[in-house]
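# Structure assessment
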Amino acid sequence: SSGINAEYGAAGHPLERLSDLLTSSISDDDKVSKLDFLKVITKPLTKTVISIDKGTIKDIAKYCTTGSHYDSLKCIAAKNSSMMKDCGDKDCGYIFGRAGMSDTTTGVILLILSLLLLCACLTVLVKTLQSLLLGRMAQTLKKHINSDLAHPFAWLTGYVFIVLGTGMTILVQSSSVFTSALTPLVGLGVISIDRMYPLTLGSNIGTTATAVLAALAATGENRTLTIQVAISHLLFNIFGILVFFPIPAMRRLPIRAAKFLGNTTADYRWFAIVYLIIMFLILPFLFIGLSFNVVLLYVVIALFLGIALFIITLNLLQTHFPDRLPAVLQTWEFLPLFMRSLQPYDSVFSRLICCRKKVTDDVSLNVVHVSEATGKV
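This text gives an overview of the structure that appears in the document. Keep in mind that what you see is a predicted model, and the values were worked out from it rather than measured.

Our next topic: unusual backbone geometry. Following His151, the chain continues into Pro152 via a peptide bond in cis, with omega recorded as 10°. Tracing the backbone through its elements, the reader meets Pro152 in the loop between α8 (136–145) and α9 (157–172).

Throughout the structure, instances matching the rule amount to one disulfide. Between the sulfur of Cys64 and that of Cys75 lies a disulfide, 2.0 Å long from S to S. Between Cys64 and Cys75, the S-S dihedral sits near 115°, and the bridge is therefore right-handed. Of the two residues, Cys64 is situated in the loop between α4 (54–63) and α5 (72–80) and Cys75 in helix α5; the sequence distance between them amounts to 11 residues. Here Cys119 is not disulfide-linked; the sulfur of Cys121 is the nearest cysteine sulfur, at 9.4 Å.

This part is about the side chain of Thr56. Within the element layout of this structure, Thr56 appears in helix α4. Here Thr56 is in contact with Ala78, Ser81, Ser82 and Met83, once residues within four sequence places are set aside.

What follows covers a positive patch on the surface. Taken together, the side chains of Lys43, Lys47, Lys54, Lys58 and Lys85 present a region of like positive charge at the surface. Along the polypeptide, Lys54 turns up in helix α4.

Residue position: Leu129 is located in helix α7 (residues 103–132). Here Leu129 falls in the buried class, since its relative accessible area comes to 19%.

Once that is clear, we can look at a nonpolar patch on the surface. On the surface, a nonpolar cluster with roughly 950 Å² of combined accessible area is contributed by Ile273, Tyr275, Leu276, Ile277, Ile278, Met279, Phe280, Leu281, Ile282 and Phe285. Mapped onto the fold, Ile282 is located in helix α15 (residues 271–290). Under the relative-accessibility criterion, Ile282 is labelled partly exposed at 48%.

All right, on to the pattern of salt bridges then. Under the definition given, this model contains one salt bridge. A salt bridge links Asp148 to Arg195; the shortest N-O distance between them is 2.9 Å. Residue Asp148 is found in the loop between α8 and α9, and its partner Arg195 is found in helix α11 (residues 193–206); the two are separated by 47 residues along the sequence. A relative accessible area of 8% places Arg195 in the buried class.

Once that is clear, we can look at the environment of Trp332. For Trp332, the position within the fold is in the loop between α16 (294–320) and α17 (337–340). Residue Trp332 is classed as partly exposed on the basis of its relative accessible area, which comes to 21%. For Trp332 and Ile311, which are 21 residues apart along the polypeptide, the C-alpha to C-alpha distance reads 10.0 Å. With residues near it in sequence (within four places) discarded, Trp332 still touches Phe310, Ile311, Leu314, Asn315, Gln318 and Arg340.

Per the counting criterion, the structure on display carries 10 aromatic pairs. Note on Phe271 and Tyr275: the rings are 6.3 Å apart at their centroids and 25° apart in plane angle, and the pair reads as stacked. Residue Phe271 and its partner Tyr275 are located together in helix α15, separated by four residues, close to a single helical turn. Of the residues examined, Phe271 reaches a relative accessible area of 15% and is grouped as buried. Connected via pairs of aromatic rings, a cluster forms that spans Tyr268, Trp270, Phe271, Tyr275 and Phe349.

Definitions and cut-offs
Residues numbered from 1 in each chain as written. Predicted model: local features only at pLDDT ≥ 70, side-chain atom pairs only at ≥ 80, totals over all residues. Heavy atoms only, no water. Helix = DSSP H or I, 4+ residues; strand = E, 2+ residues; numbered from the N terminus. Disulfide = S-S within 2.5 Å. Contact = heavy atoms within 4.5 Å. Patch = residues over 30% accessible without salt bridge, like charges linked within 9 Å, V, L, I, M, F, W, Y side chains within 5 Å. Areas by Shrake-Rupley, 256 points an atom, 1.4 Å probe, with all protein chains shown as cover. Salt bridge = Lys/Arg side-chain N within 4 Å of Asp/Glu carboxyl O. Lys, Arg positive; Asp, Glu negative; His and termini not counted. Charge placed at Lys NZ, Arg CZ, Asp CG, Glu CD. Buried < 20%, exposed > 50% of the residue type's maximum accessible area, 1.4 Å probe, protein only. Phe/Tyr/Trp six-rings, centres within 6.5 Å; stacked < 30°, edge-to-face > 60°.

Shown next as structure tokens:
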């Protein structure tokens, strides 16, 4: 959905226009009380580690942005100032204030520590869920979560779980935590992939709540623009759901793709990393760059769609009407091996320690695949 929305948005700018319409009546002078939620708990702890000088950040945003307040001298002065609060002659109340390190060094250390802490927390969360959700509890959850609503409301089941996923993500204010908690449940067979799908869609909506609340609490002359950006994020996710969920045929596409990618990753451990780099780095930057030339953008989109249509059509013909195809097209063997198989790439990546397949007693570990029919492992 991200790719389709990005292509459509770059071409017609519908999100920009719709979000501008929704925020046109909001004044920059309106004030909304700030909502902290979890910050009430986390702020005392973070203040003992680092204390940021918000005045410096505001000066950079004010004087370094093209506009009526732009001032090159004040911009340079703000950029050369430390982002951490200056304690003066007093003893700083936070750890990095006493360390005497530069902003860059402090930022790198905090980034590494934050990532390590995040990974540790997610690992503990997953292990805890795996130990708790066993036996009778797992059977109870499996029975109720994977069942549909009573007739004639069965078709509403998916939408109910979208709302549930949205609410749970708003409560924890993190789609990563929510989906990371559910992923091991799918591996344990407690939740089916078909049920996980609407929960994930709801999580995509819920994760925008933090940005919307922060935008509503913003002040200053750019408050309307801040809210418009947050609304665009929300609309982006809603449009993706409208494309891939209400229509059953479209709903099956991401589910089948997820099963295919999961099975592929089970065979080739390096595939997940390559997939993430391509989908979340290379393709977004490609389409953002192409958006500056609409004609070239349309050519690339047409090329992508043409290749996809050819592959889908040929696969269908090979499956259902192979006799009507020329002998050379009845299989994909007319293509070089590197264009129809991951095996040549696997021979390269498998040399890396992180991508080697685990073996036990010199016998390759059996790989569990996801069933296309049931969605169970």
